[in-house]
Amino acid sequence: MEIWLYTLRFCLVLYFPLSISAEATCNLKAKFNLSGYKDVEKKKVVIGGMFPIHMRIASSDGNTSRVPVSSGCEGFNFRTFRWTQTMLFAINEINNREDLLPETDLGYVIYDSCFTISKAVEGTLTYLTGQDEAVPNYRCGSGPPLGALVGTGGSDLSIATARIMGLYHFPQISYCSTCSALNSKFQFPTFLRTVPNDEFQSTAMAQLVLHFGWTWVGTIAADDDYGKYGIKDFKEQVEEAGVCISFSETLPKVHSPTDIQRIVETVVESTAKIIVVFSSDVDLSPLIGELLRHNVTNRTWIASEAWVTSALINQPGVNSLLGGTLGFAVKRADIPGLQEYLLDIDPFEPLTTEFWETYFQCTINISKALTQSKLRADKANGTQAGVPEGLCSGKEPLTKVNNTYWDVSQLRITYNVYKAVYAVAHALHNMEHCQKGKGPFTGNTCADISNFEPWQLMYYMKNVEYTVPHTGERIYFVDGDVEAYYDIINWQVNSDGDISYVTVGQYNASANNSMTIANESIKWNNQELMPPKSICSENCQPGTRKGIRQGEPVCCFDCIPCADGEISNVTDARECILCHDDYWSNEAHDECVPKIIEFLAFGEPLGITLIVISAFGALVTIAVGVVFIVNINTPLVKANDPILSLSLLFALVVTFLCSIVFLGLPQHWSCMTSQVALALGFALCLSSIMGKAAVLMMRALALKASRVRTKAAAKAAKAAAEAAVNNGSPDVIVSNSNNIDLCGVPETDKLTCGHQRAMAAVATLLQAIACTVWLLTFPPHPIKNTSTQNIKIILECHEGNVVFICCIFAYDILLALVAFIFAFIARKLEDHFSEGKCVTFGMLVFFIVWISFVPAYLSTRGKFMVAVQIFAILASSFGLLTCIFLPKCYIILVKPERNTEELIRARSKPRDSTLTGTSASLGTAATDINSSTASTAIDDY
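Rules of the game
- Residues numbered from 1 in each chain as written.
- Predicted model: local features only at pLDDT ≥ 70, side-chain atom pairs only at ≥ 80, totals over all residues.
- Heavy atoms only, no water.
- Helix = DSSP H or I, 4+ residues; strand = E, 2+ residues; numbered from the N terminus.
- Buried < 20%, exposed > 50% of the residue type's maximum accessible area, 1.4 Å probe, protein only.
- Contact = heavy atoms within 4.5 Å.
- Areas by Shrake-Rupley, 256 points an atom, 1.4 Å probe, with all protein chains shown as cover.
- Disulfide = S-S within 2.5 Å.
- Axes fitted to C-alpha atoms, helices over the stretch in contact; angles between N-to-C directions.
- Parallel < 35°, antiparallel > 145°, perpendicular 65-115°, else oblique.
- Left-handed = near helix turned anticlockwise from the far one by under 90°.
- Nonpolar A, V, L, I, M, F, W, Y, C, P; charged D, E, K, R; others polar.
- Patch = residues over 30% accessible without salt bridge, like charges linked within 9 Å, V, L, I, M, F, W, Y side chains within 5 Å.
- Salt bridge = Lys/Arg side-chain N within 4 Å of Asp/Glu carboxyl O.

Thoughts on the overall build of the protein chain
Looking only at helices and strands, the protein chain features 22 helices and 27 strands. Per-residue burial over the protein chain gives 49% buried out of 941 residues. At a minimum sequence separation of 6, the contacts of the protein chain that also span at least 24 residues come to 70%. Summed over its atoms, the accessible surface of the protein chain is roughly 43,900 Å², and 57% of this surface lies on carbon and sulfur atoms.

Encoded structure:
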């Protein structure tokens with residue numbers, strides 16, 4: 001829109017066909033204030049050029065009382081003036097060649113764009129018109145035809161001029177307009193460039209950021225198409241790769257201290273250590289100055305090609321700020337003879353006068369020098385005499401002044417200017433040497449180089465292919481672009497304290513966007529050798545995962561440790577991986593390791609201890625059995641069915657030994673054997689005890705009844721004695737002897753030995769049947785228990801069916817409870833060896849052990865559950881063995897003199913002078929009191 005506003009400022013040529021004498025009129029609406037440099041006299045073809053020789057336009061006085069005149073320019077730029085001189089050098093070199101345009105001398109028309117769109121548009125319109133004032137759609141000049149426009153400098157300037165040039169199909173070739181927006185041949189059909197497209201530079205910058213692992217970067221772009229498009233392409237690529245943008249600022253085109261201060265504050269406050277800048281040196285210069293005043297350091301800058309080798313930025317004192325900068329520079333070349341040409345200039349020519357005055361801070365114009373000298377003299381109250389102060393002599397030596405103008409060590413944009421001029425020259429050469437009848441235009445015609453149309457030259461421009469002199473680089477255009485190749489430049493502080501540009505790598509877009517960089521050659525900010533870190537959050541190490549912070553970029557996160565059983569084996573993992581069933585996470589949570597296989601092994605200390613205890617218990621039990629067999633004919637052994645005693649001892653041996661089967665790696669046979677042997681062993685043990693206790697209970701009940709009868713008989717005898725005394729009859733005392741029957745006396749033992757054995761056998765048989773059904777239907781089997789402990793696989797035996805095992809062991813508990821009840825009833829049978837009390841204590845120990853076993857078993861895990869179970873088996877077995885057989889063994893082995901029929905008879909009970917029974921005597925109640933005879937009570941046995 002801005003372009004057309006400038007265009008509408010000029011008058012249109014109007015024709016008024018009202019009469020034959022009517023004349024055309026043209027009204028000048030405004031005047032252009034252009035800095036133009038021409039050499040068109042006696043030239044066959046003219047090449048246009050446009051360079052930002054000045055940095056900005058001067059402020060206008062706003063006077064509307066006269067014809068408007070566009071603003072002038074200020075801020076002479078030595079670097080871009082070198083570009084201008086390079087164009088003249090190339091034209092002069094071409095004119096002196098005999099192999100290129102030998103019959104054509106090239107002229108030039110160069111305008112100053114002042115790095116401003118309005119000036120670029122003014123120059124373009126003036127260039128097309130052919131005279132100092134613009135008349136749209138017409139070329140009013142009569143000089144040589146115009147070739148192509150070399151320029152205009154910045155991308156936004158070229159976009160403005162290319163729109164106008166495209167309307168007239170006028171070829172334009174740029175030396176430093178890299179914006180990707182210029183790709184569009186629909187909008188800019190006649191635009192070409194010898195500098196690479198910014199799409200490649202943005203890709204190269206993104207690759208550089210990713211190469212060093214930077215994920216937290218800031219961006220600064222100029223407020224023009226060059227900066228906006230370049231940063232846009234860069235951000236799209238890095239954000240897709242997971243890089244976050246800490247801040248994104250825009251440099252003002254018109255100097256604004258407020259905006260510059262705001263950008264400085266953003267840079268200072270940001271934690272990003274990497275800052276990517278897409279800007280020209282002119283736009284960036286104010287920000288650099290302000291950053292230096294704030295002493296901003298510890299940042300690494302990524303430079304675009306527009307300022308990476310700029311002397312305007314590389315000023316004294318920037319070492320602390322810009323040392324270590326990395327950037328991309330277009331291809332460099334040496335141009336022989338250029339430096340000599342730059343130094344061999346005439347200060348009195350219009351093109352170089354301002355350069356000379358700015359360079360040496362003097363003036364060429366003597367009248368101006370006199371005026372300035374007079375003003376200074378008036379201020380000093382002095383008089384002016386002699387040569388005025390500040391007047392240039394024109395003989396000042398250029399070589400004594402260090403200036404970017406004649407520094408040809410980094411000819412990059414300058415080289416592109418050189419290539420652009422040669423591209424136009426080769427296109428004109430191809431046009432000039434077109435063979436008649438073989439031309440590219442309608443009817444195979446050729447264009448006349450002395451009078452050709454712009455669109456005809458555009459054909460040759462698009463198809464030109466040539467080799468650049470001195471460098472051998474092959475140039476050709478693909479949709480107006482050339483191959484992209486960049487040098488990666490590192491700003492390093494040399495021994496003199498100055499910044500030097502060191503090439504540390506290359507980027508070649510034509511080779512699949514390959515980038516090579518020598519990391520060891522780079523010197524970073526503050527002369528560091530290691531790359532800086534620029535991350536919002538530290539990398540999450542293996543064993544952790546990223547936890548995104550709400551409302552913050554994805555690069556800002558917390559590292560959350562993986563849960564147990566989950567791992568992450570890469571850096572910055574987004575999710576933790578769940579380990580498979582037989583694996584668990586290690587302590588660092590970075591690897592799945594096999595779970596610990598746990599079972600109570602034979603060889604470990606606990607297993608060895610249990611085996612020793614079990615074997616000891618079995619041996620002791622066998623020893624007791626041997627003692628009983630050796631002394632089987634003694635009264636104590638014979639007192640209560642030695643067969644039941646031996647079966648009880650056998651059952652205890654089984655329970656002792658079955659505990660060993662619980663040890664070791666669970667297998668099918670061991671799972672079935674251990675549980676069944678335990679169930680049957682306790683069934684036989686408890687049923688034998690129950691048989692013994694049943695006899696004792698029956699005796700206790702019989703003796704209780706006998707005691708009642710004895711008391712009644714005693715009372716009757718006493719009454720009879722008293723009657724006899726009263727009658728004078730002598731006393732009669734009846735005393736019967738005790739006869740022992742090993743199998744019991746029918747009057748006392750209603751349960752015989754056969755009954756006891758049958759009871760034990762039937763009770764054991766029922767358990768055996770239940771175990772058989774259990775084994776056939778739901779047999780115990782080994783399993784891998786992974787649910788009890790996460791880090792372990794517990795190898796254990798599964799019961800097969802909970803109902804069965806509960807019923808089987810409930811049956812054993814029932815036998816124990818019945819045996820305890822029988823023994824408890826018989827506990828008051830008194831003699832020198834109380835069998836009923838021994839059984840009662842044994843059963844109490846049994847219950848205490850197994851009642852304690854339940855909470856202990858439920859509170860343990862893994863192999864210790866097996867250990868608790870074995871301890872319960874051993875404790876209960878030792879309790880029964882000790883309580884039932886220890887007193888008997890004591891009498892048999894230590895007190896054999898008490899193992900007699902007399903000592904195992906009933907003891908007297910003097911307290912109530914009543915008859916008491918024994919568990920060992922079989923005929924306690926056989927002390928007959930004949931109902932047919934009078935007898936007296938027996939006080940003691």
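Some thoughts on unusual backbone geometry
With omega at 15 degrees, the peptide bond leading from Gly151 into Thr152 counts as cis. Tracing the sequence through the fold places Thr152 in the loop between β6 (146–150) and α4 (155–167). In the Ramachandran plot, Cys114 falls in the positive-phi region, its phi being about 55 degrees despite a non-glycine side chain. The residue Cys114 is located in the loop between β5 (106–112) and α3 (117–129) in this model. For Asp572, which is not glycine, the phi torsion reads 60 degrees and is therefore positive. Structurally, Asp572 is set in the loop between β21 (566–567) and β22 (577–578). In this structure Asp572 comes out as partly exposed when scored by relative accessible area, which is 23%.

Let's talk about the state of the cysteines
For the coordinates displayed, the defined rule picks out nine disulfides. Disulfide partner of Cys434: Cys446, at an S-S distance of 1.8 Å. Its torsion about the S-S bond being -65 degrees, the disulfide of Cys434 and Cys446 is classed as left-handed. Of this pair, Cys434 sits in the loop between α13 (413–432) and α14 (454–462) while Cys446 sits in the loop between α13 and α14, placing them twelve residues apart in sequence. Note on cysteine connectivity: Cys579 is disulfide-linked to Cys592, with sulfurs 1.9 Å apart. Disulfide Cys579-Cys592: torsion about the S-S bond near -90 degrees, hence left-handed. Here Cys592 lies in strand β24 (residues 592–594) and Cys579 lies in the loop between β22 and β23 (583–585), a separation of 13 residues in the sequence. Accessibility expressed as a relative area gives 9% for Cys579, which makes it buried.

Section: the packing of helix α15 (residues 605–630) against helix α22 (residues 863–894)
The N-to-C vectors of α15 and α22 enclose an angle of 25 degrees; their axes lie 10 Å apart at closest approach. When the interaxial angle is binned, α15 and α22 end up roughly parallel. In the crossing of α15 with α22, the sense of the turn from one axis to the other is left-handed. On the side of α15, the interface is formed by Leu606, Leu610, Ile613, Ser614, Phe616, Gly617, Val620, Thr621, Val624, Val627 and Phe628, while α22 contributes Phe864, Ala867, Ile870, Phe871, Leu874, Phe878, Leu881, Phe885, Lys888, Cys889, Ile892 and Leu893. Of the residues assigned to the contact of α15 with α22, the class counts are 19 nonpolar, three polar and one charged.

Brief notes about a nonpolar patch on the surface
Nonpolar side chains collect at one region of the surface, where Val762, Leu765, Leu766, Ile769 and Val773 lie side by side and expose about 440 Å² of accessible area between them. Considering the arrangement of structural elements, one finds Ile769 in helix α19 (residues 753–777).

A few points about the pattern of salt bridges
In this structure the tally under the stated criterion is 25 salt bridges. Its salt-bridge partner being Lys228, residue Asp223 comes within 3.1 Å of it at the nearest N-O pair. For Asp223, a relative accessible area of 35% puts it in the partly exposed group. The class of Lys228 is partly exposed, set by a relative accessible area of 48%. Residue Glu473 pairs with Lys331 through a salt bridge whose shortest N-O separation is 3.6 Å. Residue Glu473 is found in the loop between β14 (465–467) and β15 (474–476), and its partner Lys331 is found in the loop between β13 (326–330) and α10 (338–343); the two are separated by 142 residues along the sequence. For Glu473, a relative accessible area of 17% gives the class buried. Here the residues in one salt-bridge network are Asp156, Asp224, Lys253 and Asp283, joined through shared partners.

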